[in-house]
Each structure stands twice: as C-alpha cells, then as structure tokens.
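Residue strings, one per chain:
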Amino acid sequence: MSRIAVIGTGYVGLTTGACFAHIGHEVICADIDTDKVARLQRGEIPILEAGLDNLVKEGLEDGRLQFVVGAAAAVENCEFAYLCVPTPQGDDGSADLSYIEAAAREIGPLLPSEAIVINKSTVPVGSTRVVERALGRDDIAVVSNPEFLREGSAIHDFLNPDRIVIGAEDQAAAVKVSSLYIGITAPVIVTDPASAETIKYAANAFLATKISFINAVAAVCEAVGADIKDVALGMGYDSRIGHEFLKPGPGWGGSCFPKDTRAMVHIAETAGYDFHLLRGVVEVNDEQLRRVTAKIVAAAGGSVDGKRIAVWGLTFKARTDDLRESPSLSIISQLLALGAIVRGYDPSGPGPIDGVEVVDDPFVAVEGAAVLAVLTEWDEFRWLDIDKVASLVAAKEVVDARNLLDRTAFIRRGFNYYGIGRR
Ligand SMILES: NC(=O)c1ccc[n+]([C@@H]2O[C@H](COP(=O)([O-])OP(=O)(O)OC[C@H]3O[C@@H](n4cnc5c(N)ncnc54)[C@H](O)[C@@H]3O)[C@@H](O)[C@H]2O)c1
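Residues numbered from 1 in each chain as written. Predicted model: local features only at pLDDT ≥ 70, side-chain atom pairs only at ≥ 80, totals over all residues.

A.B. asks: An account of the overall build of the protein is requested, with residue identities and associated values reported.
C.D. replies: What the protein contains, in helices and strands, is 16 helices and 14 strands. Relative to the compact-globule value of 22 Å for 423 residues, the protein shows a C-alpha radius of gyration of 23 Å, a close match. In terms of overall dimensions, the protein has a C-alpha envelope of 70 × 50 × 40 Å along the principal axes. Counting all 423 residues of the protein, 48% fall into the buried class. (Helix = DSSP H or I, 4+ residues; strand = E, 2+ residues; numbered from the N terminus. Rg over C-alpha atoms; globule rule 2.2 N^0.38 Å. Buried ≥ 20, exposed ≤ 12 C-beta atoms within 10 Å, placed from the backbone.)

Now the structure itself:
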C-alpha cells in the first residue's frame, strides 16, 4: 500500500482520492477551498456523484482518507502526488497551466526524495516538462496519467476503466504508478508523456466529433424526412461504429469537451497543423445550440419576447450537478436575449442562476409556459404526469431536445411535439 497525496478535490481529485483509499492506499487530499475541505472532513460531499458519499465515509472511518487545506500540508510523507487541479481554457483557446504550475511550485521544496508527481489533470503536450521546471527538483519523476472518468458514473469508471494510460520517460516510475491500481483489471498502456497527453485530447475530440456528427445527420434527417432514431440505430449496429455517443441533442458541453476540443485545435495549430475537421466539429456544436433555440422560438409562434418558457434540465448532462458550459444554459441565455421569461427545473437542485427563476418542482416550472423545452436527459422527465403538464401550460408546445419524452403520449394530449431529427 502506498501513501498518496491528491492535490485538488474537484470531480477528478475527490474521485481519485476516495477510490485509491477504497482499494487500500493511505490518501491525503488537499484543496485551497477551506469551506470545501471543512465539509469533506465532516463527510459532506460538495458534488453530486453516485456512490462517492459511501466511499468518503468509508475512507474517513478507516483512517485511510484525510482532507487538508493547501497542497503543502498533504505531501510531506507522500510517495506519489497526483495533480488534479483545473486546466481551464485560456484566452487564445490553449489550456491555462497556471494552477498546475502553482501547485507544483508549492510542493516542489517539500516532496520527499524519490517521490513521483503525476499529472491527472488534462494537460497539453510538454506539460510534464512544465511541471518538472516548476518543481525545481531533479530527483523527482513526473508522470502523465490522464483521467477518463465520466461525471455521473465517476466511481464506476475509476474502478472499472476501459484502460489506464501512463506516460513517462522513466520506465521504473511508470511501473510504480501502474502498481497503484491494485485489483483494477484494465489494459495498461505505458507510453511517452507526449503520447499519453495526446491520447486524452484525441479521445475527447473524437467523442465530441461523434456527437457533432450525429447532430449534423439529424439536421439532414429533418431536411429529407428521415428519422434519426432509426438512422442512429441502423448505424450503431455496425460494430465499427457502435451505439455510444450517437444520440442527437442540444450539443455537447460540460467542463471538458469545450475546452479540450479548443485546446486540441490550438495544440495542432502551434505545431503547424490546421485541424480543420475539429474546428468544424466546434462550429457544428455552436450551430446546434442556435438550432435548438430557433426550434423553441418557432414553437412559441415566431417570438419568445415576453413569453414564459419552461426548461426541464439545466445541468450539462443527467446524473451530475455540474452546470459548467451546459448547453441548457447557453440556450437559455439566447432565449433571455430574445426577451423570454425563463423558469427552470433540474433534479440536481442547482442554486440560483442569473436571469432564470429556478424552481424545485417540474410542474411549477411549466405553469403558464408558452413552450416546454427539455434540455437535459434526466430519466425522471419521462415519467412525469403529462395530463398535469397539459393542465398547467399556456400552450401545448414541447421542444424535446433530447428525444427523451414519449412523443405519442404528448401528441395524444394535443401537444405539438418537436424533437431533434425526427420525422
Ligand atoms: N470533470 C471531469 O469529468 C474530468 C474528467 C477527466 C479529466 N478532467 C480534468 O481534470 C482536471 C480537474 O477537473 P475537475 O473537473 O476535477 O476540476 P474542479 O474545478 O472540479 O476541481 C479542481 C479543484 O482544484 C482545487 N485547486 C485549485 N488550485 C489548487 C491548489 N494549488 N492546491 C489545491 N487545490 C487546488 C480547486 O479549489 C478545486 O476544488 C482538469 O484538467 C480537467 O480537464 C476532468
């Protein structure tokens, strides 16, 4: 069993820390957010992530998981230090490495010799060098070990990964990092740091491409009178294509795809390659948000000015409380700019959102609405009482940007139903 420090307790850091403690390591998680650390010390989980509460409770009770303020307090006795801090989008689209550098500068003088520092944050090619420089130590190996978890199933994904990717110049360090994943059965790809970093960006870019592709095909379906549900099904049975990520929607969002696709375009550009395919993927996504807004405006009779629009779903996807870069919020801001009055409901119970009346009941959200727009694929929306919805809305117009609802049931109650790419 090893002593691991985890720097940053967001979606990735907290999952990493709780899971490493669960499989037997001694883990100290650090964050600069003192409130967050105080809550975690009491076993309160600041994010919505299935199973995380139990793992944190287990780790705290067994004494294998601790939470401290500041990276310095976590690393004194560690053998491994995982960097899980943000890498947000910089002004020019590149990844902003300032959090990574600050964390590395802080821990550099304090790390025991022979410790290994690991980048789990998503970082561009060359970042292991950046971290080495910031650490200022030549006895410390820096290894890339990108994370592929999905919010909403983060614990499951960490403990049952499709693969573990380790990028290192120092093969002995790579082997030590792979040995941390005790009892986790997955292919381990040991490669150089540049390839590991590229794997993470290329994987996210490809997934975003799949979604933009199916959204574009959905637009073709609407134009030619085909139905995307059948088209996607027919494509997905081809084992070279698969069914995953072939669902049309309001566009991709979240804390990763938007910044990682733009960072990949920037990485390629800096290296002298114009990744115009990926630029197109980003453009299609921006266009998809506008297409969904236009559907809502059309359903409202050509204008949303002064009209109530009900929105079910505010998070960027279901089973998370993450609102970062949520397509729902982008569409809402377009509607607000057109004069709409927006009332929103989300099962994750989000806090206040600028310009939106957030309510805690899906039926209150639809009262007096000119259009009901479904923008996140929360399963519970499928089971809500349609008669009750019909009795509360001002007009029976529904835009289902996730093709989630029972279309026939809504039409039977007199609704005009507009999906994505449906006939
Ligand atoms: N969220 C995901 O689904 C996901 C999946 C794979 C990879 N990633 C990548 O992992 C990284 C982290 O993402 P996230 O979603 O967990 O971010 P997050 O914003 O949820 O969490 C980051 C945490 O780091 C803390 N922090 C910042 N500077 C610090 C410092 N110097 N010392 C200690 N703590 C510090 C912040 O307070 C915050 O709590 C990013 O590079 C992201 O691209 C995210």
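A.B. asks: Kindly report on unusual backbone geometry, identifying the contributing residues and their values.
C.D. replies: Positive phi, normally seen in glycine, also occurs at E114, with a value near 75°. You can see E114 is positioned in the loop between α5 (98-107) and β5 (116-119).

A.B. asks: Tell me about the nonpolar core, and name the residues and values.
C.D. replies: Counting residues in hydrophobic clusters, the biggest one holds 121 residues, and the most contacted among them are A5, I7, A81, V117, I296, I309 and A373. Of the domains in this structure, domain 1 (3-191) and domain 2 (226-423) are the two that each give at least three residues to this core. Residues contacting I7, with those up to four places away along its chain left out, are A30, A71, A74, A81, Y82, L83, C84, V85 and A103. (Core = buried A, V, L, I, M, F, W, Y, C linked by C-beta atoms within 7 Å. Domains from an automatic or database assignment. Contact = placed C-beta atoms within 7 Å.)

A.B. asks: Could you give an account of the domain arrangement of the protein, with specific residues and numbers?
C.D. replies: According to the domain assignment, the protein contains domain 1 (3-191) and domain 2 (226-423). Measuring from the centre of the C-alpha atoms in domain 1 to the corresponding centre in domain 2 gives 33 Å. Each side of the interface is counted separately: domain 1 has 14 residues, and domain 2 has 15 residues. Here the residues of the side of domain 1 that touches domain 2 sort into seven nonpolar, five polar and two charged. (Nonpolar A, V, L, I, M, F, W, Y, C, P; charged D, E, K, R; others polar.)

A.B. asks: Quick one: what's the story with the site of the ligand, residue by residue and with numbers?
C.D. replies: Taken together, 27 residues lie near the ligand, and G8, G10, V12, S121 and T122 sit nearest. Among the elements of the structure, α1 (11-22), β2 (26-31) and α5 are those that each provide at least two residues to the shell around the ligand. Among the residues making up the shell around the ligand, the classes are represented as 14 nonpolar, eight polar and five charged. (Near = placed C-beta within 6 Å.)

A.B. asks: An account of the packing of α5 against helix α6 (residues 127-135) is requested, with residue identities and associated values reported.
C.D. replies: Contact geometry of α5 with α6 gives a least axis separation of 7 Å together with a crossing angle of 35°. The two elements α5 and α6 meet at a crossing, and its hand is right-handed. Where α5 approaches α6, its residues I100, E101, A104 and R105 are matched on the opposing element by S127, V130, V131, A134 and L135. Within the contact of α5 with α6, the residues separate by chemical class into six nonpolar, one polar and two charged. (Axes fitted to C-alpha atoms, helices over the stretch in contact; angles between N-to-C directions. Left-handed = near helix turned anticlockwise from the far one by under 90°.)

A.B. asks: Could you give an account of the packing of α1 against helix α3 (residues 52-62), naming the residues involved and the relevant values?
C.D. replies: The N-to-C vectors of α1 and α3 enclose an angle of 55°; their axes lie 9 Å apart at closest approach. Our classification of the angle between α1 and α3 gives oblique. The hand of the α1/α3 crossing is left-handed. Here L14, T15, A18, C19, A21 and H22 of α1 come into contact with α3, specifically with L52, L55, V56, E58 and G59. For the contact of α1 with α3, the per-class residue count stands at seven nonpolar, three polar and one charged. (Parallel < 35°, antiparallel > 145°, perpendicular 65-115°, else oblique.)

A.B. asks: Can you break down the sheet that holds strand β12 (residues 371-374) residue by residue, with the values?
C.D. replies: Here six strands make up an open sheet; going across it, the order is β11-β10-β9-β12-β13-β14 and the pairing parallel. The two strands at the open ends of the sheet, each matched to only one other strand, are β11 (356-359) and β14 (416-418). Pairs of neighbouring strands in the sheet enclose a mean axial angle of 20°, with direction left out of account. One ladder, built from four bridges, connects strand β10 (residues 341-345) with β11; its direction is parallel. Its bridge partner being in β11, V342 is matched across the sheet by V356. (Pairing = 2+ DSSP bridges.)

A.B. asks: Pulling in residues and values, what's your account of the pairing of strand β4 (residues 80-83)?
C.D. replies: Covered by surrounding structure in β4 are F80 and Y82 together with A81 and L83, the residues of both alternating faces. Strand direction decides the pairing type here: strand β1 (residues 3-7) and β4, joined by four bridges, are parallel. In the sheet register, I4 faces β4, and the bridge partner there is F80.

A.B. asks: Explain α5 to me, and be specific about the residues and the numbers.
C.D. replies: Burial in α5 covers these residues: I100, A103, A104 and I107. On an axial view of α5, the arc spanned by its buried residues comes to 100°, and they lie on one face. Contacts made by the buried residues of α5 are with β1, α4 (72-75), β4, β5 and α6. (Arc of directions from axis to C-beta.)

A.B. asks: Can you lay out the environment of L404 for me, pointing to particular residues and giving the numbers?
C.D. replies: Summarising the element assignment, L404 is placed in the loop between β13 (397-400) and α16 (407-412). Setting aside residues up to four positions removed in sequence, L404 forms contacts with V374, E377, F381 and R382.

A.B. asks: Can you tell me about the environment of V358, naming the residues and giving the values?
C.D. replies: Counting through the fold element by element, V358 comes out in strand β11. When near neighbours in sequence (up to four residues on either side) are disregarded, V358 contacts G344, P350, P352 and I353.

A.B. asks: I'd like a rundown of α3, residues and numbers included.
C.D. replies: L55, V56 and G59 are the residues of α3 that are buried. The arc that holds the buried residues of α3, viewed along the axis, is 95°, so those residues lie on one side. Where α3 is buried, its residues contact α1, β2, α2 (34-41), β3 (65-69) and α7 (154-159).

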